[in-house]
Every structure is written in structure tokens, then in C-alpha cells.
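Coordinate analysis (summary)
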Amino acid sequence: MENTQGAYLWKTFDVLRGSMEQNQYYMAFIAACYSKRVLGEDIRSGNAMSLLEKRIADKRILLFIVRHLFVSIDGAELVDIVTLLNLLPDDVSELDSLILDTKLESEMSNSKTGFWSTPHSLTDLAIKILDIKPNDTVADFGTGTGSFLVRVAFERLGKQLYGCDINTDMSTIAMIRAEVLGDTVAVEQADMFHVDGEFDKCFSNYPFALSGARFKEEKALELEQAGIAKIPRFHSADWLFNMQILNKIKPNGKAIGIMTSGSSFNSADAKIREYFIANGWVEAVVALPAGLFSPNTGISTNMIVLSRGNETIRMVDATEICQRGRRVCYFSSADIERIIGLLACNKKSSSHLVSYKELAAEGFNLDPTRYTAERVKVKNGIPLLSVALDVTRGSGITKNQLEKLNSKVPTDYRYLMLQNIVDGCIEPDLPYLTKIDSSLEKYCIKTGDLVLSKIGPNFKVAVANVLDCESVLATGNLYILRLNKDKIDPLFIKAYLETEEGMAQLQRECVGTTMQSLPIKALSEIEIPLIAMEEQRMVASRYRLLQQEIGAHKLAIEKARYKMASILDER
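A short tour of the structure in this document, coming up. Just so it is clear, the model here is predicted, and its values are computed rather than measured. (Residues numbered from 1 in each chain as written. Predicted model: local features only at pLDDT ≥ 70, side-chain atom pairs only at ≥ 80, totals over all residues. Heavy atoms only, no water.)

Examining the pairing of strand β6 (residues 282–287)
The two faces of a sheet get side chains in turn, since along a regular strand they alternate between them. Let me state the cut-off plainly: Note on classification: 1.4 Å probe, protein chains only; a residue is buried when its accessible area is under 20% of the maximum for its type, exposed when over 50%, partly exposed between these limits. Labels follow the DSSP assignment, with helices taken as runs of H or I lasting at least four residues and strands as runs of E lasting at least two, numbered in each case from the N terminus. Between any two strands, pairing holds if DSSP finds at least two bridges.
For β6, a buried count of five out of six residues is recorded, marking the element as mostly surrounded by other parts of the structure. As judged from the five bridges shared by β6 and strand β7 (residues 301–306), these two strands associate in the antiparallel manner. Bridge pairing in β7 places A287 opposite N302. Where β6 lies against strand β8 (residues 312–317), four bridges are found, and the strand directions are parallel. Following the sheet pairing, V285 is matched in β8 by M315.

Here's the deal with the pattern of salt bridges
When their charged atoms lie close together, side chains carrying opposite charge are able to pair. Heads up, the condition is: A pairing counts as a salt bridge when a side-chain nitrogen of Lys or Arg comes within 4 Å of a carboxyl oxygen of Asp or Glu.
The tally for this structure, following the rule as stated, stands at 19 salt bridges. For K36, the salt bridge identified is with D90, shortest N-O distance 2.9 Å. Highlighted residues: K36 in helix α2 (residues 25–39) and D90 in the loop between α5 (81–86) and α6 (92–100), separated in sequence by 54 residues. Counted as one network, the salt bridges with shared partners bring together D58, K59 and E179.

A closer look at the sheet that holds strand β20 (residues 450–453)
The following threshold applies: Structural elements are reduced to axes, namely lines fitted to C-alpha atoms, with helices fitted over the stretch in contact, and the angle between N-to-C directions of any two is expressed from 0 to 180 degrees. Throughout, a residue-residue contact means that at least one pair of heavy atoms, one from each residue, lies within 4.5 Å.
Across the sheet, which stays open at both edges, the four strands sit in the order β13-β23-β20-β21 with antiparallel pairing between neighbours. The open sheet has two edge strands, β13 (388–393) and β21 (461–463), and neither has a second partner. Taken over all neighbouring pairs, the strand axes of this sheet differ in orientation by 20° on average, direction set aside. Taken together, the three bridges between β20 and β21 define a ladder with antiparallel strand orientation. If you follow V451 over to β21, its bridge partner there is A462. Of the strands in this sheet, β20, β21 and β23 (478–483) are in contact with helix α18 (residues 490–497), which crosses β21 at around 170°.

Quick word on unusual backbone geometry
The backbone of D131 sits at a positive phi, close to 50°, despite the residue not being glycine. Structurally, D131 can be placed in the loop between α8 (120–130) and β1 (137–141). On the basis of relative accessible area, D131 is assigned to the partly exposed category, the value being 39%. Backbone geometry at F364 places phi at a positive 55°, although glycine is not the residue there. By secondary structure assignment, the location of F364 is in the loop between α15 (356–361) and α16 (369–372).

Re the packing of α2 against helix α3 (residues 48–55)
Cut-off, in case you're wondering: Roughly parallel refers to an angle under 35 degrees, roughly antiparallel to one over 145, roughly perpendicular to one between 65 and 115, and oblique to any angle outside these ranges. Residues are sorted three ways: Asp, Glu, Lys and Arg are charged, Ala, Val, Leu, Ile, Met, Phe, Trp, Tyr, Cys and Pro are nonpolar, and all the rest, Gly among them, are polar.
Two elements in contact, α2 and α3, have axes whose closest approach is 10 Å; the angle formed by their N-to-C orientations is 85°. The angle between the axes of α2 and α3 places the two elements in the roughly perpendicular class. Each of S35, V38 and L39 in α2 lies in contact with α3, whose residues at this interface are A48, L51, L52 and R55. Residues that form the contact of α2 with α3 fall into these classes: five nonpolar, one polar and one charged.

Re α8
Every α-helix carries 3.6 residues per turn, so stepping three or four residues along brings you back to the same face. By the criterion of burial, α8 is predominantly enclosed, with eight of the 11 residues buried. Within α8, the full set of buried residues consists of S121, L122, T123, L125, A126, I127, I129 and L130. On its buried side, α8 packs onto α9 (147–154), β4 (199–204), β5 (249–260), β7, β10 (329–330) and α14 (333–342). With its phi angle positive at about 50°, D131 sits one or two positions after the end of α8.

Looking at the packing of α2 against α6
What counts is decided by this rule: Crossing handedness follows the turn of the near helix against the far one: under a right angle anticlockwise gives a left-handed crossing, and clockwise gives a right-handed one.
Two elements in contact, α2 and α6, have axes whose closest approach is 9 Å; the angle formed by their N-to-C orientations is 155°. In terms of orientation, α2 and α6 fall into the roughly antiparallel class. Handedness of the crossing formed by α2 with α6: left-handed. Where α2 approaches α6, its residues F29, I30, C33, Y34, K36 and R37 are matched on the opposing element by V92, L95, D96, L98 and I99.

Some remarks on the sheet that holds strand β3 (residues 185–189)
Strand order in the open sheet formed by nine strands is β3-β2-β1-β4-β5-β7-β6-β8-β11, and the pairing between neighbours is mixed. Each edge of the sheet is formed by a strand with only one pairing partner; in this case those strands are β3 and β11 (351–355). Neighbour-to-neighbour, the strand axes of the sheet open up by a mean angle of 15°, direction not taken into account. Along the sheet face, helix α10 (residues 168–181) touches β2 (160–165) and β3 and points at about 160° away from the line of β3.

Some details on α10
Threshold: Here the expected span of a helix is defined as 1.5 Å times the quantity of residues minus one. Between N or O atoms, a polar contact is any pair within 3.5 Å; within protein, one atom must be a potential hydrogen donor and the other a potential acceptor, and residues adjacent in sequence are included only when both atoms are from side chains.
In this model, α10 (14 residues) spans 20 Å end to end at C-alpha, consistent with the 20 Å of a helix rising 1.5 Å per residue. Of all 14 residues that make up α10, 10 are buried, and the element is covered over most of its length. For α10, the set of buried residues is M170, S171, T172, I173, A174, M175, I176, R177, A178 and V180. Of the residues that open α10, the one with a side-chain oxygen 3.0 Å from the backbone nitrogen of D169 is N167. Of the residues one or two after α10, G182 is the one with positive phi, at around 110°.

Here we look at the environment of I99
Along the chain, I99 falls in helix α6. Here I99 is in contact with I30, C33, Y34, R37, I176, R177 and V180, once residues within four sequence places are set aside.

Written out as C-alpha cells, the structure is:
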């Protein structure tokens, strides 16, 4: 934050303290800058507030905000407006600079202020990818405080800029900025789904992780009425937003949306992704670095580039192309140029042009890392499902339910959790249960079952060894694979999955945003090498010996620790 600009901000905050909620401070600061800009030298008059209200009487939302911030219901001034405005610079260009300073805004972007801005460098990347020409019309749907429009205007791009946001506070700041920027920029408070017109270029950093159910089906119906053929059901609202910005571009236009990574690969949205891909609407997808939106959220995000007539899709993995600070990351100018270059050419590790056939084979997955990561080739590989009699996820029993069934005395019933798998082995002293309901018996493991953690990327694998008299219930973060022992040795499978090749396969199939997990369908399709049973048993035998060796070393370490703890007793 520039010292001079920041000094004005904090001075006004000191005056505002106690007169309003903290989440209104930044909006009040912008409103104060705007008010001084409107009043000029007339702030010294005894009726500054009344004069201000007259001068913005035709701007209903701005007038509402000014009254809401500075005037009580009975008409009394909540803040000494003259004192407040006198803290601000007299020069109009300095006031404009304060109003338009998006870097200052990004410093204020957090849960306490209630303002969320698109990261500065992400906006710069979007502008580069959109390739906005001087005669383009440009729209920002869900513009927030208008930071994208400010950046485009500063670059002197586009002949007419438009923004809308449904939030009154956000759109008011964007409106004030539009007035400062001039006649080429227009902002209104509006629902992006009820906006007329088409544009050459569109951008939207829409809300993250909204359920499509929140919008029901009427929004989809509105799009159909706008001329788009009946669309499949959508699980994530991301695809509804994507549909809207696509619907607002001209035939040769281009749009960019910032979406959650999960919406690019989850099974629930597969049909609508197929719909977009089959219609040729997806031009490119860029996987963005984790931490780009920190500290506001750590959710993983993708940038989707939408246009028409695309037969292939460019996938770019930019998850490691950034500059990392202590809490946040950002794109440097060199990073942006590198990503632009990757959008233009193949580079095996980070950029790949994907055909419809490839996308169909991957269930219309639009996660770039799925295609840029090198696929593991397994010699004599067969799907894991072909040697499994059954693949089951552990019981969905809750922690509270387990606590109620917990037994302090030994019984024939135990339960297995993820933390009970240590160094590839199931701990012998599993906790006891008073009973296991008959409906949960299908989640009990048996000797020879392969137990695998659902959560990645560092997977745990173990082979069960259960006494005949016992029942061991596996919990929900585990998969149970009952194997055909005539075809495969369980210990051989465990040994393979723990190799670099095996782990690479498991990690490649991981999905998730804040927490990665392995879908059961993807697990079934993991390839394993099929070798003669005799060779499998030899591998299993060597593996067992190494396990025993690890156990002996652990025992020796425990003995040494005990001796260290009691070394003074040996005098």
C-alpha cells in the first residue's frame, strides 16, 4: 500500500470509528472521496450535507448510500462531514486516484470489511487472454467494486465498458468509479441474469461454490427462452454463470469465468460439461495456483475461456506458475507472458491440446492437470476391478455414533479408522465396540482384504488380518477391496500401489478442491501389472520380510528411547 494513499484511508477510518460497522469503512471512504469531488470548495458551507444531497439527487443509489452512511433516520449527521472531507486532498485528480486505486482496495479485501476483489494479477491475465481491442464492447458480470473495469480503462482498451452487480454496497463503489472514469464506463445494480445486450468480451469472477439448486430451474428456462437449446441439469452454479456469460457474447466474442476446480471434474456436472464441449463453447481452461485468493479463501480455481466453434480445448496447468509470498501468491508480468505462451503451444508438462475423443474417454473432465500430467503406462496392465470381487467404501457411521458404541472392555467387535494404519500396517490394538449392527456387516473387513485410504495425495494401503472370532468395521475414509486370491496376491497389490508408479496412478485420479480424494470409480480403473502367481508370491514374500525388518527396527528404537528416559536410574 502506497504510504500517501494509505494515510488518507486510515485517517478517515479514525473519524468513522464508532459511527458505523467496520465492514462499512471502505465504502464510506470511497463515498467521502466522491462527496468531496462533488462539493469542491463548497464543503465549508454550513449545509454541506444538504448541498451534497441536492447535487446527487438524480443518482438514487448513490444518494441512498450517502444518507445511509452519514445521516441518521431522524436526519442528524452521524459523522461530522466537513471534518471528514477536510481530511481528504483538495485536488480532484488526487481524489480520483484514491477512488480508482484497486491496490488499496485489495489491501482492504477480507471478511471483516465484507469486500472481495479479484486479485490484481489475475485481472491482468484475464485482460491479456481476452485480447481486448480499442473498439470492443466489454462487460463485467458480478463486477463487485469494478476493479476489472478500472484495469481495462487504465489500459485504454474497449470503446464501451459495462458492469453490473446485485450487491448494493459493491455496485455503489463501482458506480462512483464509473463516474470518475467517464462516459465510456457504465455500471448498474442489477442481476446478471436480467441484463440486455451483447458484448465483444465478457469477464465474470462470480461467487464460488454456490449450489445450482439455489437457482432452481427458472434460470435455465430463461436461457432457453433466450435461444439456447434445453440444457442438462447442473449441480454447480458455476455452469449456470458460464452459460450466462457465453450467452452475452457476440458470435465472434470471447468470455472468461473464474470457477471452482471441482466443477470442472465432478460427476454431477458431467452432462452439462459434455453439453458445452459438444457445442464447441470451451476454448481453453487454465488451472490456477492455490493461494491466489488467499487469505479470503483457499479454494482451488480454474479460469475457463469460452467462445464458439472450438473443436479442441487447450488445457494449461498454471498451478506452479506464480510468485509465492507468506500467505498469498500472484502472477508476475513474466508469469502472465508464460501462461499466454502456453495457451498458444503444446508443452507436455503444462499445456496440451485435447480432442473431443480424449475428453469423452475421460468423462468430459475439464481439469487441466488431468491432461498435462504424464499418464503412467503399466506393462501388462489390467484394471484393478478385474481382480476384485468387490470394492466398497467404509461405513458412513458418524464419530458421535462410534462414541456411543465405544466399549472400554474387550469385545469381539472393533473399528478401523484412517489413523489406525501406520507404516503400511493396521495397528493391533484397535478400539472396541459394544456391538456392530447387522446393517453394517458389509463394511467389515476380512483377512486378505486390501484397505486403502480415500483421502490423498499421500495414500495409506494395508492388508487386513482379522481373527475368526472378531468383526472389524471400516469407517468412511477407507475403501475395502475384496480380491480374487486365485488371480492376485493382496500383498503384491499393496507392494505395487506403494511404488512411485502405483502412487502416481492414485494421485492422478484424485479429485477435490480443498481436500483431494479418490472416487470409487477411478479406483476400480487403476491399472496393475499382471504377472504369474508364482512371481507375485515371491514379491509378497520379500515384502513381508522387509515389513518384519521395519518392525524390528521400530522395536529397537522404542527400547533405545526407554533407556534414554531412564538413563539416570542406571547409576
